[in-house]
Structures are given as C-alpha cells and as structure tokens.
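Below, each chain spelled out in residue letters.
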Amino acid sequence: AMAELSGSSKSSRLRELQVQTRTYFGEARRLQALLDYSKQQKDGALAVLQQAHDEEMAAVQQQLQVLRSQSAALDDELGRWMDENDQLRDLVQGLERRLASRAPKEREAKAKERAQREAWQADVERRLRAEHHQHIKEVQEQQLMQVEE
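Residues numbered from 1 in each chain as written. Predicted model: local features only at pLDDT ≥ 70, side-chain atom pairs only at ≥ 80, totals over all residues. Heavy atoms only, no water.

Trainee: What exactly am I supposed to notice about the overall build of the protein chain here?
Mentor: A tally of helices and strands in the protein chain yields one helix and zero strands. Its C-alpha atoms give the protein chain a radius of gyration of 61 Å, clearly above 15 Å, the size a compact globule of 149 residues would have. Each of the three principal axes of the protein chain carries a C-alpha extent, and together these read 205 × 35 × 20 Å. By residue count, 1% of the 149 residues in the protein chain fall in the buried class. (Helix = DSSP H or I, 4+ residues; strand = E, 2+ residues; numbered from the N terminus. Rg over C-alpha atoms; globule rule 2.2 N^0.38 Å. Buried < 20%, exposed > 50% of the residue type's maximum accessible area, 1.4 Å probe, protein only.)

Trainee: Just to check I follow, could you spell out the pattern of salt bridges for this structure?
Mentor: When the charged atoms of two side chains with opposite charge come close together, those side chains can pair. Evaluated as defined, the whole model comprises seven salt bridges. Its salt-bridge partner being R13, residue E16 comes within 3.0 Å of it at the nearest N-O pair. With E16 and R13 both in helix α1 (residues 2–148) and three residues apart, this pair spans about one turn of that helix. Since its relative accessible area comes to 46%, E16 is described here as partly exposed. Classification of R13 as partly exposed rests on a relative accessible area of 44%. For K39, the salt bridge identified is with D43, shortest N-O distance 3.0 Å. (Salt bridge = Lys/Arg side-chain N within 4 Å of Asp/Glu carboxyl O.)

Trainee: Would you mind showing me how to read a nonpolar patch on the surface here?
Mentor: On the surface, L78, W81 and M82 cluster together into a nonpolar patch covering about 340 Å² of accessible area. If you trace the backbone, W81 turns up in helix α1. (Patch = residues over 30% accessible without salt bridge, like charges linked within 9 Å, V, L, I, M, F, W, Y side chains within 5 Å. Areas by Shrake-Rupley, 256 points an atom, 1.4 Å probe, with all protein chains shown as cover.)

Below, the structure written as structure tokens:
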C-alpha cells in the first residue's frame with residue numbers, strides 16, 4: 001500500500017509538474033507573442049517616423065537648393081551692380097577731373113569776356129558822352145545865333 005501510495009504520489013507530482021511546465025510554456029509563448037506584437041508595433045511606428053523624417057529631409061533639401069540658387073543669382077546681380085557702380089564712379093571721377101581742369105580756363109575766358117564787355121561799355125559811354133556834349137554845344141550855339149539875330 002505504501003508503494004502504491006508512493007507511486008500515486010510520484011504520479012501526481014509528475015502530472016503536477018507537467019501541468020506546471022505546460023503553464024510555463026504557455027506563459028512563455030504568450031509573453032513571446034506580446035513581445036513580437038510589441039516589436040511589430042515599434043517597427044511600424046519607427047517606419048512611419050522614418051518615412052516622415054525622410055520626407056521632411058527631402059523638403060528641406062529642396063528648399064535649401066532653392067535658397068542656394070537664389071543666393072547665387074543674388075550674388076551675380078550684386079557683382080553686376082558693383083561692377084556698374086565702379087564704372088559709374090570712374091566716370092564721375094573722370095568728369096570731375098575734366099570739370100576741374102576746365103574751371104580755370106572757363107574763369108579766364110569769363111574774365112576776359114567781362115573785361116571786353118566792360119571795355120565796350122566804357123567805349124559806348126565815352127562816345128555817348130562825347131555825342132551828348134557835342135549836341136549840347138550845338139544847341140548852345142544855335143541859341144546864341146538866335147539871340148544874336
């Protein structure tokens with residue numbers, strides 16, 4: 001009876017261990033399935049995030065390229081304006097030098113013209129005075145003749 005009880009106890013213990021083992025394996029499979037599901041969810045979320053990141057990077061790269069081309073165009077235009085500015089500055093400086101070199105000549109010419117005009121005016125005044133005095137003399141002589149008559 002003891003051996004039977006001992007065999008029954010062993011058999012019961014064995015069944016208990018088998019149930020416990022199946023429970024552990026079931027729990028391990030359940031946890032593995034949860035882990036796999038969690039990994040899939042994480043991978044899916046990472047894939048969505050990676051795609052969004054890649055799209056944003058592509059948009060940023062495109063904007064950067066547009067800005068670089070605009071910057072290059074502005075640099076070209078600025079260079080052209082600077083060249084034109086240098087040319088205009090050189091032109092203005094040349095004109096200022098020409099004007100400065102003409103100024104003394106023009107002053108001399110104006111002074112000469114003024115002197116000629118003043119001399120002409122003085123000559124005209126002298127002739128007019130002489131004619132006036134001559135006219136006064138003639139009028140006086142006529143008055144004298146009329147008085148003598």
